[in-house]
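Here's the letter readout for the chains.
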Amino acid sequence: MSHSAHGAIPVISATGLFTPTDTISNAELVASFNAYADRYNAAHPDAEPLTHSSVEFVEKASGIKSRHVMDKTAILDPDIMEPRYAERPNDEISLMAEIGVAACRDALAKAGRDIADVDAVLCAASNMQRAYPAMAVEIQHELGMQRGFAFDMNVACSSATFGIQTAADYIRSGNARSVLVVNPEITSGHLNWRDRDSHFIFGDVATAILVEAKDLAPAQHWEILGTRLKTQFSNNIRNNFGFLNRAHGNGPVDQSGPRNDKLFVQEGRKVFKEVVPMVGQMILEHAESLGLSGSDLRRLWLHQANTGMNRLIAQKVLGHEAVEDESPTVLDTYANTSSAGSIIAFHKHNQDLKAGDLGLICSFGAGYSAGSVFVRKVG
Ligand code: COA
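Residues numbered from 1 in each chain as written. Predicted model: local features only at pLDDT ≥ 70, side-chain atom pairs only at ≥ 80, totals over all residues. Heavy atoms only, no water.

**Description of the pattern of salt bridges**
We apply this condition: Salt bridge, as used here, is a side-chain nitrogen of Lys or Arg placed within 4 Å of a carboxyl oxygen of Asp or Glu. For helices the rule is a DSSP run of H or I covering at least 4 residues; for strands it is a run of E covering at least 2, with both sets numbered from the N terminus onward. The buried label goes to any residue with under 20% of its type's maximum accessible area, the exposed label to any with over 50%, and the partly exposed label to all in between, with areas taken from a 1.4 Å probe on protein chains only.
Taken as a whole and judged by the stated rule, the model has 16 salt bridges. Note that D79 and R39 form a salt bridge whose closest N and O atoms lie 2.9 Å from each other. Taken as a pair, D79 in the loop between helix 3 (73–76) and helix 4 (95–111) and R39 in helix 1 (residues 26–43) lie far apart in primary sequence, 40 residues in all. A residue is classified by how much of its surface remains accessible, and D79, at 57% relative accessible area, is exposed. We classify R39 as partly exposed; its relative accessible area is 42%. Of the charged contacts in the structure, one is a salt bridge between R113 and D117, with a shortest N-O distance of 3.3 Å. Taken together, the salt bridges that share partners define one network made up of R298, R299, D325 and D352.

If you want it as C-alpha cells, here you go:
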C-alpha cells in the first residue's frame, strides 16, 4: 500500500469493546472481603483488627455497583484474594493480547476495515503483561498484519487519549493512514483485593479505537478537531512493581506489615481534590483554543473513576449540572477500567448523536496525566 507523503485529517472510524463474562457485584465483593477480615482477625488476636467493608460505602463513594473480571474464583476466595491467571506457554497467545485482539476485531468489523489497510498498532494501557516482545507486536501478528509497526505505551489511566493523539499525529504527518489504538486493561492484576480503601475500584476490559485518515474512513465517523495532553508529577497514585524489585515481588499481602506498594496505592482524597481543577481548566483552555465553549458540546465521555469527580468536571465544562445524557457513566457496571473507561462510555453512547454534534473524550489519572480529544460527528 502506498502512503501519501503529506498528512490528512485524522478521524475515529470505529471503536471496539471486549467485556469479560465474569462479574463481581458489590455484595459478593464485600462478603468475600469481610470473610477475609474475620479470618485475619481470628488468626491475629493481638494485631489491629481489620474493619469490614460495606456495599453502601462503595456505591456512595464511587458510583460502582459491579465490575467485570477475567476470572472471579480466586479473587473472591477469602484465602487467596488475588487473581490466579494461569501462565501460558510462549507458543500460546498471552491473555492481554487475546482480549486486545478481540476489541480490535470488533472495531475493524464496525468500520468494515480490511486488516491489510492498517499501518500500525499502539497498545496503550496501564500495565503490560511483560516487558517484551511488545504486546502490540503480538497483537499485530495475531491480527494477521503482514507489514507496518507496533509498540506499547503506558500513560496509566490516560493511555487511550495519549494513544489517540499519537495515532492522529501519524495521520497528520502522513506517516500512517490507519492506526489501531488498543487498551487491554486487566486491572484485577494490580489491585490489592485485601485493601479496604481500594478493593472496590477496578474492573477488567479491553477497548480499541481505529484512527484513520478522513479519506480512507467509512462515511460515518468522528472527525478529530483537536487533541491535547498534559502531565504533572504526583505520588498520589502509584504502582512500584517493576523489574528491579522482583525479589520483593507480588506475593501475598500481610495487612499487619507495610502496605504493599507493588500493587496499586493512592491517596484518593488528594487525587480527587487536585485532579478535578487541573482537568476542568485543561478542557476549557483546549476548547477555547479551538474556538469552542462548553455549551457547544453535546456530550462528554469522561474518564470513569468516580461519579463525584465527573459531576464536578462536567459542571465546570458545561456550566450546569450534567444529566446522564450529557455525561454518561459506565462506572456502575464496569467500575474504573483505567484507560479504557472513557472509550467504553464513547463506544456505548455515541450512536444517537447527529451529524455535526460535538463531543469530548477526556481521561485523567496517575502521573498525573490527562488528555482531551474533541470530536465532531460526520455522516
Ligand atoms: N467500606 C466502608 N467504609 C470505608 C471503606 C470501605 N470499603 N473504605 C473507606 N471507608 C471509610 C473510611 O474508613 C473513612 O471512614 P472515617 O471517615 O470514619 O475515617 C471513610 O470511609 C472515608 O474514607 P475515604 O478513603 O476518605 O473515602 P472517600 O470519600 O475519599 O472515597 C474514593 C474514596 C477512593 C472513592 C475517593 O477518594 C475517590 O474517588 N478519589 C479519586 C480516586 C481516583 O479517581 N483515582 C484514580 C485512580 S486511576
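Okay, back to it.
**Re the packing of aromatic side chains**
The condition that has to hold: Stacked, tilted and edge-to-face pairs are distinguished by plane angle, under 30 degrees for stacked and over 60 for edge-to-face with tilted covering the rest, among Phe, Tyr and Trp rings (Trp via its six-membered ring) whose centres lie within 6.5 Å.
Inspection of the entire model under this criterion finds nine aromatic pairs. With a centroid separation of 4.8 Å and 85° between ring planes, the pair formed by F202 and F264 is classed as edge-to-face. Here F202, found in the loop between strand 6 (178–186) and strand 7 (204–213), pairs with F264, found in the loop between strand 9 (237–238) and strand 10 (265–266); they are 62 residues apart in sequence, far enough to count as distant. Take F202 and F264: they sit in the same class, and that class is buried. A ring pair is formed by W301 and F346, whose centres lie 4.8 Å apart and whose planes are at 85°; its orientation type is edge-to-face. Placement of the pair is W301 in strand 11 (residues 299–302) and F346 in helix 10 (residues 341–348), with a sequence separation of 45 residues. For the pair W301 and F346, a shared accessibility class is recorded, and that class is buried. Feature note: the residues F33, Y36 and Y40 constitute an aromatic cluster, connected by ring pairs.

**Some remarks on the pairing of strand 4 (residues 120–124)**
How we decide: DSSP calls a pair of strands paired once it identifies at least 2 bridges connecting them. Assignment of crossover handedness uses the view with strands pointing away from the viewer, where a clockwise path from the first strand over the helix to the second indicates a right-handed crossover.
Within strand 4, five of the five residues are buried, leaving the element largely enclosed by the surrounding structure. Here strand 4 shows two buried faces, one formed by A120, L122 and A124 and the other by V121 and C123. Pairing of strand 4 with strand 5 (residues 149–153), which is carried by five bridges, proceeds in the parallel orientation. What sits directly across from A124, in strand 5, is M153. Following the backbone out of strand 4, through helix 5 (residues 135–142) and into the adjacent parallel strand 5, one traces a crossover that is right-handed. Pairing geometry for strand 4 and strand 6, over four bridges, is parallel.

**Things to note about the packing of helix 4 against helix 5**
As a reminder, the rule being used: Here, axes are lines fitted to C-alpha atoms. For helices the fit covers the stretch in contact, and angles between N-to-C directions go from 0 to 180 degrees. For classification, angles of less than 35 degrees are called roughly parallel, those exceeding 145 degrees roughly antiparallel, those between 65 and 115 degrees roughly perpendicular, and all remaining angles oblique. Left-handed describes a crossing whose near helix is turned anticlockwise from the far helix by less than a right angle; the clockwise case is right-handed. A contact between two residues is defined here by any heavy atoms of the two lying within 4.5 Å. Each residue gets one of three labels, nonpolar for Ala, Val, Leu, Ile, Met, Phe, Trp, Tyr, Cys and Pro, charged for Asp, Glu, Lys and Arg, and polar for the others, Gly among them.
Viewed as axis vectors pointing N to C, helix 4 and helix 5 meet at an angle of 55°, and their least axial separation amounts to 9 Å. Here helix 4 lies oblique to helix 5, going by the angle between them. The crossing of helix 4 and helix 5 is right-handed. Of the residues in helix 5, those in contact with M96, A97, G100, V101, C104 and R105 of helix 4 are M135, E138, I139 and E142. Considered class by class, the residues forming the contact of helix 4 with helix 5 number six nonpolar, one polar and three charged.

**With respect to the sheet that holds strand 7**
Overall, mixed pairing links the nine strands, which are arranged 5-4-6-7-1-8-13-12-11 in an open sheet. Only two strands of the sheet have a single partner each, and these edge strands are strand 5 and strand 11. On average, each strand axis in the sheet is tilted by 25° relative to the strand beside it, whichever way the strands run. Examined bridge by bridge, strand 8 (residues 221–231) and strand 13 (residues 369–378) share 10 bridges and lie antiparallel to one another. Counterpart to I224 in the pairing with strand 13 is V375. The sheet strands contacting helix 4 are strand 1 (10–18), strand 4, strand 6 and strand 7, and the helix crosses strand 1 at an angle near 125°.

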